[in-house]
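Letter by letter, the chains look like this.
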Amino acid sequence: MPRPMTRASIEAFYARLSAAMPEPETELEYASPYELVVAVALSAQATDVSVNAATRKLFPIANTPQAMIDLGVEGVAEFIKTIGLWRNKAKNVVALSQILLDEYDGVVPEDRDKLQALPGVGRKTADVVLNVAFGHPTIAVDTHIFRVANRTGLGAGKTTDQVSDKLVKRTPEAYLQHAHHWLILHGRYVCKARTPECWRCEVADLCGFKPKTLPPEERKAAAKPKTKKKAVKKAARTKKAAS
Ligand code: SF4
């Protein structure tokens, strides 16, 4: 577990990410808060690319709660079968549309508890909607942000809620609005799950992760002698066994 980053390091961390991406945006395609709720609900355990491919066909047919209800569970399912957990997601999208229509006149509420009460909407989805559609300074923690926060020392925690609370507390106010996007994009493209690309990371000197990952060619070169050493040891063992 890396040491928690200092306030000064956190400030510099966000300053550099913001300089690299001044206006970060969600990669999910949407044109209204309702489309965003649906897209984020569909994105659980699925990639944004797969969700966009489905919603590009779904939203021209149904982009309001009433139209989604009219399409029905079977109809929605036809559009989202390429996405994981599509059966449940189709049911949830129609059920949440019904609640939006019955309780909020079809308007997406700007309130975390009300959003979280919708079927298929957890804290992460609610926080994304509040942040992206309504400009609230929330930090929705997905798998990328959870990893980056724990790995770097930015905000360690055992659960996504713990990490979210810590990040909100430790992120300077000026960066709160876009922190979610900066961290997601940083985790998706640089601080990757399997091999963080520390050698080309703009915040490497601020992050607590050790040892830093070397570039592929240096890792390859460093691995060779090891392999050779292993081979020599193996040959010696074989020779000993044979004698
Ligand atoms: S230095 Fe490595 S571990 Fe740290 S943030 Fe950058 S990519 Fe991630």
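It should be emphasised that the depicted structure is a prediction, and the values quoted were computed from it without experimental measurement.

## Comments concerning the overall build of the protein chain
Point 1. Helix and strand counts for the protein chain stand at eleven helices and zero strands.
Point 2. Its C-alpha atoms give the protein chain principal-axis dimensions of about 80 × 50 × 30 Å.
Point 3. Burial status across the protein chain gives 34% buried among its 243 residues.

## Re the site of the ligand
Point 1. The environment of the ligand is formed by 13 residues, the closest being Cys191, Cys198, Cys201, Cys207 and Phe209.
Point 2. Its residues placed into classes, the shell around the ligand shows nine nonpolar, one polar and three charged.

## Quick word on the environment of Arg188
Point 1. The topology assignment puts Arg188 in helix H10 (residues 173-189).
Point 2. Each C-alpha atom, one on Arg188 and one on His144, is 6.3 Å from the other, the two residues being 44 residues apart in sequence.

## What to know about the nonpolar core
Point 1. Within the largest apolar cluster, 57 residues are counted, with the highest numbers of intra-cluster contacts made by Phe13, Val37, Leu42, Val76, Ile80, Val93 and Val129.
Point 2. In contact with Ile80, other than residues within four places in its own chain, are Leu42, Ala54, Leu58, Trp86, Lys89 and Ala90.

## Let's talk about the packing of helix H8 (residues 143-152) against H10
Point 1. Where H8 contacts H10, the axes come no closer than 8 Å and their chain directions differ by 85 degrees. In terms of orientation, H8 lies roughly perpendicular with respect to H10. Here His144, Ile145, Arg147 and Val148 of H8 lie close against H10, whose contacting residues are Leu183, Ile184, His186, Gly187 and Arg188.
Point 2. When grouped by side-chain class, the residues that make up the contact of H8 with H10 number four nonpolar, three polar and two charged.

## Some remarks on the domain arrangement of the protein chain
Point 1. Parsing the protein chain into structural domains produces domain 1 (1-210) and domain 2 (213-243).
Point 2. If you average the C-alpha positions of domain 1 and of domain 2, the two centres end up 44 Å apart.

## Observations concerning unusual backbone geometry
Point 1. Across the junction of Lys210 and Pro211, the peptide omega takes the value -10 degrees, indicating a cis bond.
Point 2. Of note in this structure, Leu85 is not a glycine but carries a positive phi near 60 degrees.
Point 3. Looking at where Leu85 falls in the secondary structure, it is placed in the loop between helix H4 (65-80) and helix H5 (86-104).
Point 4. Taking the number of C-beta atoms within 10 Å as the measure of exposure, Leu85 has 14 and is therefore partly exposed.
Point 5. Of note, the phi angle at Asp105 is positive, near 55 degrees, even though the residue is not glycine.
Point 6. When you line up the elements, Asp105 lands in the loop between H5 and helix H6 (112-116).

## Some points on H5
Point 1. In a regular helix each residue adds 1.5 Å, so 19 residues correspond to 27 Å; H5 covers 26 Å between its end C-alpha atoms and thus fits that length.
Point 2. Of all the residues in H5, the buried ones are Lys89, Ala90, Asn92, Val93, Val94, Leu96, Ser97 and Leu100.
Point 3. Here the buried face of H5 lies against helix H2 (33-42) and H4.
Point 4. Positive backbone phi, at 55 degrees, marks Asp105, one or two positions downstream of H5.

## Quick word on helix H3 (residues 48-58)
Since one α-helical turn is 3.6 residues long, residues separated by three or four positions face the same way.
Point 1. Of all the positions in H3, only Val51, Ala54, Thr55 and Leu58 are classed as buried. Across the axial projection of H3, the buried residues extend over an arc of 95 degrees, all falling on one side. Opposite the buried face of H3, at more than 90 degrees from it, the exposed residues are Val49, Arg56 and Lys57.
Point 2. On its buried side, H3 packs onto H2 and H4.

## Section: the environment of Leu101
Point 1. Its place among the elements puts Leu101 in helix H5.
Point 2. The partly exposed category is assigned to Leu101, around which 16 C-beta atoms lie within 10 Å.
Point 3. On a C-alpha basis, the gap between Leu101 and Asn88 in space is 20 Å, while along the polypeptide they are 13 residues apart.
Point 4. Contacts of Leu101, omitting those with residues within four sequence positions, involve Pro65, Gln66, Ile69 and Gly106.

## Considering the environment of Ala126
Point 1. Note that Ala126 resides in helix H7 (residues 123-134).
Point 2. The sequence separation of Ala126 and Asp111 amounts to 15 residues, and the corresponding C-alpha distance is 8.2 Å.
Point 3. Excluding residues that lie within four positions of it along the chain, Ala126 makes contacts with Arg112, Leu115, Gln116 and Val121.

Reading the values: the criteria
- Throughout this description, residue numbers start from 1 for each chain and increase along the sequence as written.
- Note on the predicted model: pLDDT of at least 70 is required for a residue's local features to be given, and 80 or more for side-chain atom pairs to be given and counted; whole-chain, interface and lining totals, by contrast, use all residues.
- In this text, helices come from DSSP runs of H or I with a minimum length of four residues, and strands from runs of E with a minimum of two, each type numbered from the N-terminal end.
- Whether a residue is buried, exposed or partly exposed follows from its count of other C-beta atoms within 10 Å of its own C-beta, namely 20 or more, 12 or fewer, or something in between, respectively; the C-beta atoms are built from the backbone.
- In this analysis, residues qualify as near a molecule or strand once their C-beta atom, positioned from backbone atoms, comes within 6 Å of it.
- Residue polarity is assigned by list, with Asp, Glu, Lys and Arg as charged and Ala, Val, Leu, Ile, Met, Phe, Trp, Tyr, Cys and Pro as nonpolar; anything else, Gly included, falls into the polar class.
- Residues enter a nonpolar core if they are buried, belong to Ala, Val, Leu, Ile, Met, Phe, Trp, Tyr or Cys, and are joined to the set through C-beta atoms within 7 Å.
- This entry defines residue contacts through backbone-placed C-beta atoms, with two residues in contact when those atoms are within 7 Å.
- Here an angle of 0 to 180 degrees is reported between the N-to-C directions of two axes, which are lines fitted to C-alpha atoms, with helices fitted over the stretch in contact.
- Working rule for angles: under 35 degrees goes down as roughly parallel, over 145 as roughly antiparallel, 65 to 115 as roughly perpendicular, anything else as oblique.
- Note that the domain bounds reflect an automated or database-derived domain assignment.
- Each residue after the first adds 1.5 Å to the expected span of a helix.
- The directions considered for the arc run from the helix axis to the C-beta atoms.

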